[in-house]
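Listed below, chain by chain, are the residues.
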Amino acid sequence: MDINIQKEEFSYAYIYAIVSAAGYSFQIANRPLDIGGIDIIISGEEQEYSLYPPRLEVQVKSTSTAVIDNEFVRYPLKLKNYNELRKSKTLVPKILVIILLPDNPEEWVNQSEEELCLRRCGYWLSLRGQPETQNAESVTVYLPRQQLFTVSAVKNIIEQIETRGKL
């Protein structure tokens, strides 16, 4: 399998595990949505207090070469993707999720009788309302390291969508 497809598939498995543990549904977007920059749709059930059934659209990128410092993960995002994610007028909130992977695919998973460990982690970022750029090909985005894509982060994001209708 091509390494880029392998990274993509692993990223979907990582997000599926997190979303399932949070209690929400996970759907890989169909081709027309994928062309529009949506890879995954996360949705929940409508609650009594909800404005509407919560839905979150996710663009997923995976890399083993992202630059990490004490505060941020820096990722060069294609201009097309940046512009799709920064739109402020959208009914369904969108986020970017960057999955960091070890260089060697044999290190991505560690398994024993007690645990299944998916190596490295994911970070998320909303680019809604970010400014237009003069860049021609890509924009480096800065994902705060405290914004790990975790079960509690997904629950918090969906709760914000349920109660406020946006991120």
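Preceding this paragraph is the structure being described.
Chemist: What should I look at first to understand the overall build of the protein in this one?
Modeler: Within the protein, the secondary structure is distributed over 4 helices and 10 strands. Start at the N end of the protein and walk to the C end: the helices and strands fall as α-β-α-β-β-β-β-α-β-β-β-β-β-α. Computed over its C-alpha atoms, the radius of gyration of the protein comes to 16 Å, within 12% of the 15 Å expected for a compact globule of 167 residues. Taking the principal axes of the C-alpha coordinates as reference, the protein spans close to 45 × 45 × 35 Å. Taken over 167 residues, the protein has a buried fraction of 41%. The long-range fraction of contacts in the protein, counting pairs at least 24 apart against all pairs at least 6 apart in sequence, stands at 66%. By element, 47% of the accessible surface of the protein is carried by carbon and sulfur atoms, the whole surface being about 9800 Å². Here the protein carries 18 positive and 22 negative side-chain charges, and the mean point of each set is 9 Å from the other.

Chemist: I tried to follow the pattern of salt bridges on my own but got confused; where do I start?
Modeler: Pairs can form between side chains of opposite charge once their charged atoms are near each other. Applying the stated rule across the entire model yields 5 salt bridges. Where Glu57 meets Lys94, a salt bridge forms, and the shortest distance between an N and an O atom there is 3.0 Å. One end of the pair, Glu57, is in strand S3 (residues 55-63); the other, Lys94, is in strand S6 (residues 94-100), with 37 residues separating them in the sequence. In this structure, Glu57 and Lys94 share a single accessibility class: buried. Note that Lys80 is salt-bridged to Glu84, the shortest N-O span being 2.4 Å.

Chemist: Please clarify how the sheet that holds S6 should be interpreted in this entry.
Modeler: Within a beta sheet, neighbouring strands are joined by backbone hydrogen bonds and run either parallel or antiparallel to one another. Judged by pairing direction, the sheet is mixed, and its 5 strands sit side by side in the order S1-S2-S3-S6-S9 without closing on themselves. The sheet terminates laterally at strand S1 (25-28) and strand S9 (122-125), the two strands that pair on one side only. Adjacent strand axes in the sheet meet at a mean angle of 30 degrees when their direction is disregarded. By the bridge criterion, 4 bridges tie S6 to S9 in an arrangement that is antiparallel. The residue bridging Leu96 from the neighbouring strand is Leu125, located in S9.

Chemist: So what exactly am I meant to see when it comes to the packing of aromatic side chains here?
Modeler: Overall, the coordinates contain 3 aromatic pairs when judged by the stated rule. Arranged with centres 5.1 Å apart and planes meeting at 45 degrees, the rings of Phe10 and Trp108 form a pair that is tilted. Of this pair, Phe10 sits in helix H1 (residues 3-22) while Trp108 sits in the loop between S6 and strand S7 (109-111), placing them 98 residues apart in sequence. In this structure, Phe10 and Trp108 share a single accessibility class: buried. Pairing Phe72 with Tyr142 gives two aromatic rings, centres 5.8 Å apart and planes at 85 degrees, and the pair type is edge-to-face. With Phe72 in strand S5 (residues 72-78) and Tyr142 in strand S10 (residues 138-144), the pair connects residues that are 70 residues apart, well separated along the chain.

Analysis parameters
- Residues numbered from 1 in each chain as written.
- Predicted model: local features only at pLDDT ≥ 70, side-chain atom pairs only at ≥ 80, totals over all residues.
- Heavy atoms only, no water.
- Helix = DSSP H or I, 4+ residues; strand = E, 2+ residues; numbered from the N terminus.
- Rg over C-alpha atoms; globule rule 2.2 N^0.38 Å.
- Buried < 20%, exposed > 50% of the residue type's maximum accessible area, 1.4 Å probe, protein only.
- Contact = heavy atoms within 4.5 Å.
- Areas by Shrake-Rupley, 256 points an atom, 1.4 Å probe, with all protein chains shown as cover.
- Lys, Arg positive; Asp, Glu negative; His and termini not counted.
- Charge placed at Lys NZ, Arg CZ, Asp CG, Glu CD.
- Salt bridge = Lys/Arg side-chain N within 4 Å of Asp/Glu carboxyl O.
- Pairing = 2+ DSSP bridges.
- Axes fitted to C-alpha atoms, helices over the stretch in contact; angles between N-to-C directions.
- Phe/Tyr/Trp six-rings, centres within 6.5 Å; stacked < 30°, edge-to-face > 60°.

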